[in-house]
Amino acid sequence: MRVAPVNRKGAASRPGIVDNVKNSPANIAIIGAGPAGFFAAEALLKRDDPVAIDLINNLPAPYGLVRDGVAPDHQAIKSVTRVYASLLARDEVRYFGNVTLGEDVTLEDLRSRYDQIVYAVGAQSDRRLGIPGEDLAGSHAAMRFVGWYNAHPRFRTEYFDLDCEDVVVIGNGNVAIDVARILVLRPERLATTDIADHALAALRKSRVRRVTVLGRRGPAQASFTNPELREFGRLEGVSAEVDAAELELDAASAAEIEDNAVRKRNMNTLRGYAESKPADGDRVVRFRFLVSPFEVVGKGGKVCGVRVERNRLVAQKGGYQRAEGTGVVETLRCGMLIRSVGYRGAPVPGVPFDERAGIVPNEGGRVLVRAGGKEVVPGEYVVGWAKRGPSGVIGTNKADAAGTVALMSDDRGAGIFVGCGRDRPDDLPRLLDRRGVRWVDKKGWTRMDACETALGEAQGRPRVKFCRVPEMLDAAGTPGSRD
C-alpha cells in the first residue's frame, strides 16, 4: 500500500518549518530517474523514516545515463538496472515518465504537494572548447554523439558524416574512450547490442579508419579507467598506437602515479601499446598527450583539421600539474571532430543555478538560495552531477545520494519541510490528467520494456530501443493511470 500523504493542516506559520510531523510519513518528489535519483530513492527507503516517493522523469523511459549514456557494447554495466527495477516495484514508489518540470508541472505545483524535493537532473549540456572553428559542420559534442547511438529521442535526428577516414576526439575520459571505440568497432559486433538502429545503419557505411584521441595533459593525468583502455588491445582488426616519447614522465608525474593504482595500470597499458606491433586490420586508435587544440580548421564550411599546440606540465600548489603551451604547433587532418571535454549542468526553471560551476548551488546537498550564499532553500536538495558536477562513475552516485539523504532525515526530524504548511491540493496524477499530459506510470514502463526486449529477442539482441517519444508512449499505453 502507498503511504498516505502527510496532512499539513495546522502547520507553523514560519516558512519551511512544520510542527508535529516528526512521526508522519514524508511525501518526497525526486526530479530525475537516472542513477542519482534511484540511489536517492534507495537510501530513503533504507531508513526507518516512512516515506512516499514520486520519481518524476522528463523522458518516458527511466534509468538516465545507464540507458542513454553507457556504451551499447558494455551491457554488463547496465545490469544495475535490476536494482532500479526492484526499487520501482516498491509500493512506496510511483513513477511519472514524460513529465518535464517547467513545462508540464511548475515548481510551485511540487512545493504545494510534497514535503521534500530532490533534484537529480544530472548535467544536460556540454562544455565548449571556446576556440575558432568550433561550430563548423563536422564538429560535434560527444554528448550528442553518445545520445545518437544510444537512441536518446532528443538526438535521434543528429547527423554525423562518417564518410571520412580520420576523426579526432578531444578528451581523456571514459566518454572519449567510448566514442573512439564505437567508431572503430566492427558493425557485426555492434549488431548484437542495443545500439540505435539508425546508428548501426550509419556505422555499417562508415569509412572511418583512424581515430586520434587528444589529451591536453600527460598520460599520468588521463582520467579514463583501465578496463576501458585495455579493451583497445582486444578489438579485432584494431591497432592501439602511442608514441613512446609521449609516455616519458617528469618527476612530478612519476610521483603522481605511484600513489594511484589506476593511473599506474594505465601507464603500463599505454607502454604496452607503444611497444606492440600493429594488429591485423585497417583501423587504428592513436593516443596523443600534452597537446591542446586552439583552432578547428575548415574548408567549405566543414571541418578538415584541427591545429594543436604542444604542452608542457607546470607544477602548481597542491601537486596539480597544469598544461602550458610551448609554442610548437601542428595541424592534424580530420573529417570530423568530437569534443569530449565534459558535461555541464543546465538551469531548471525556478531552481537556483550556479552559472560558473554549472550545478545547483548547495551545501552538502541542501540547495542554497544563490551560489556563494549561506541561506538554504527549506526542504529542497540535490544529488549526483547536479550536486557535484560531472565526475565519477555510476557507483559514485550511491555514496553521494546517501550523504544528501542523511541531511534530509535530519531536516525532517527538525520539522523543516518545503513551503509554508498549506493544505495539500489534489494528487499529482489528477493534476497531470487535468492538463492533458501523457505521462507514463510503472505499469506503462513495464509494457514499454517488454516491447523493447521482445523486439530484441527476435533479433538476438538485449533490446531494440524506441527512439521516438510517441512510439514510447504508444508502447506504454498512455495516458497514465494510478498504480
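Residues numbered from 1 in each chain as written. Predicted model: local features only at pLDDT ≥ 70, side-chain atom pairs only at ≥ 80, totals over all residues. Heavy atoms only, no water.

Student: Mind showing me how you'd approach the overall build of the protein chain here?
Tutor: The helix and strand tally for the protein chain stands at 16 helices and 18 strands. Here the C-alpha radius of gyration of the protein chain, 24 Å, is about what a compact globule of 483 residues would show, namely 23 Å. Its C-alpha atoms put the protein chain at 75 × 55 × 40 Å along the principal axes. With 483 residues in all, the protein chain has 54% of them scored as buried. Residue pairs at least 24 apart in sequence account for 74% of intrachain contacts in the protein chain once pairs closer than 6 positions are excluded. Across the protein chain, 71 positive and 63 negative side-chain charges occur, with their mean positions spaced 1 Å apart. (Helix = DSSP H or I, 4+ residues; strand = E, 2+ residues; numbered from the N terminus. Rg over C-alpha atoms; globule rule 2.2 N^0.38 Å. Buried < 20%, exposed > 50% of the residue type's maximum accessible area, 1.4 Å probe, protein only. Contact = heavy atoms within 4.5 Å. Lys, Arg positive; Asp, Glu negative; His and termini not counted. Charge placed at Lys NZ, Arg CZ, Asp CG, Glu CD.)

Student: Please explain the side chain of Arg 339 as it appears in this structure.
Tutor: By the secondary structure assignment, Arg 339 is in strand β14 (residues 336-339). Look at Arg 339 and you get buried, because its relative accessible area is 7%. Each residue touching Arg 339, except ones within four places of it in the same chain, is listed here: Asp 126, Arg 128, Leu 129, Glu 134, Ser 139, His 140, Ala 141, Ala 142 and Ile 170.

Student: Explain the pairing of strand β18 (residues 376-382) to me, please; I cannot follow it from the model alone.
Tutor: Within a regular strand, the side chains alternate between the two sheet faces. In terms of burial, β18 is a largely internal element, 5 of the 7 residues being buried. Pairing between strand β4 (residues 116-119) and β18: 3 bridges, direction parallel. Note on β18: the bridge partner recorded for Val 118 is Tyr 381. Across 2 bridges, strand β17 (residues 366-368) lies against β18 in antiparallel orientation. Directly across from Leu 368, in β18, lies its bridge partner Val 376. (Pairing = 2+ DSSP bridges.)

Student: Explain the sheet that holds strand β6 (residues 139-141) to me, please; I cannot follow it from the model alone.
Tutor: Within a beta sheet, neighbouring strands are joined by backbone hydrogen bonds and run either parallel or antiparallel to one another. Taken together, 6 strands build an open sheet; the order of strands is β6-β14-β7-β8-β10-β9 and the sheet is parallel. Of all strands in the sheet, those bounded by a partner on one side alone are β6 and β9 (238-242). For this sheet, the mean angle separating the axes of adjacent strands, direction not counted, is 20 degrees. Relative to β14, strand β7 (residues 166-170) runs parallel, the two sharing 4 bridges. From the neighbouring strand, Ile 170 faces β14, where its bridge partner is Arg 339. In this fold helix α5 (residues 142-149) packs onto β6 and β14, with an angle of close to 75 degrees to the strand it touches most, β6. Lying over the sheet, helix α6 (residues 174-184) contacts β7, β8 (210-214), β9, β10 (283-288) and β14, oriented at roughly 160 degrees with respect to β10. (Axes fitted to C-alpha atoms, helices over the stretch in contact; angles between N-to-C directions.)

Student: In this structure, what is going on with unusual backbone geometry? I would like to understand it.
Tutor: Most of the time, phi is negative for any residue but glycine, and the peptide bond is trans. For Tyr 63, which is not glycine, the phi torsion reads 90 degrees and is therefore positive. Within the secondary structure, Tyr 63 sits in the loop between β2 (51-56) and α2 (65-68). Phi is positive for Ala 151, which is not a glycine, with a value near 70 degrees. Here Ala 151 is to be found in the loop between α5 and β7. Residue class for Ala 151 comes out buried when judged on its relative accessible area of 3%.

Student: Would you mind going over the state of the cysteines with me for this structure?
Tutor: The term disulfide refers to a covalent linkage connecting the sulfur atoms of a pair of cysteines. For the structure on display, the rule yields 0 disulfides. Here Cys 304 is not cross-linked by a disulfide; its sulfur's nearest cysteine counterpart is in Cys 334, at 7.7 Å. With relative accessibility at 30%, the residue Cys 304 sits in the partly exposed group. (Disulfide = S-S within 2.5 Å.)

Student: Looking at this model, I keep getting lost on the layout of surface pockets. Mind explaining?
Tutor: The gaps of empty space that remain are located by a probe, the size of a water molecule, rolled over the atoms. In this structure, the second largest pocket encloses a volume near 270 Å³. The wall of the second largest pocket is formed by 16 residues, among which Tyr 63, Gln 75, Lys 78, Thr 81 and Arg 463 lie closest to the centre. Every element with two or more residues in the lining of the second largest pocket is listed here: α2, α3 (81-88) and α15 (442-458). Here the residues of the lining of the second largest pocket sort into 5 nonpolar, 4 polar and 7 charged. (1 Å grid on protein atoms, 1.4 Å probe; cavity = no way out; pocket = protein on both sides within 12 Å on 5 of 7 lines; lining within 4 Å. Points joined across faces, edges and corners; volume = space filled by probe spheres on them. Nonpolar A, V, L, I, M, F, W, Y, C, P; charged D, E, K, R; others polar.)

Student: When you look at the pattern of salt bridges in this model, what are you seeing that I'm missing?
Tutor: One side chain can pair with another of opposite charge once the charged atoms of both are near each other. For the coordinates displayed, the defined rule picks out 43 salt bridges. Here Glu 324 ties to Arg 312 by a salt bridge, and the two come within 3.0 Å at their closest N and O atoms. In this pair, Glu 324 sits in strand β13 (residues 321-333) while Arg 312 sits in strand β12 (residues 302-315), placing the two residues 12 residues apart along the sequence. Overall, the relative accessible area of 26% leaves Glu 324 in the partly exposed class. (Salt bridge = Lys/Arg side-chain N within 4 Å of Asp/Glu carboxyl O.)

Student: When you look at the packing of aromatic side chains in this model, what are you seeing that I'm missing?
Tutor: Geometrically, a pair of aromatic rings is defined through the distance of the ring centres and the angle of the planes. As enumerated under the stated definition, the model contains 13 aromatic pairs in all. What links up through ring pairs into an aromatic cluster is the set Phe 38, Phe 39, Tyr 63, Tyr 84 and Trp 445. (Phe/Tyr/Trp six-rings, centres within 6.5 Å; stacked < 30°, edge-to-face > 60°.)

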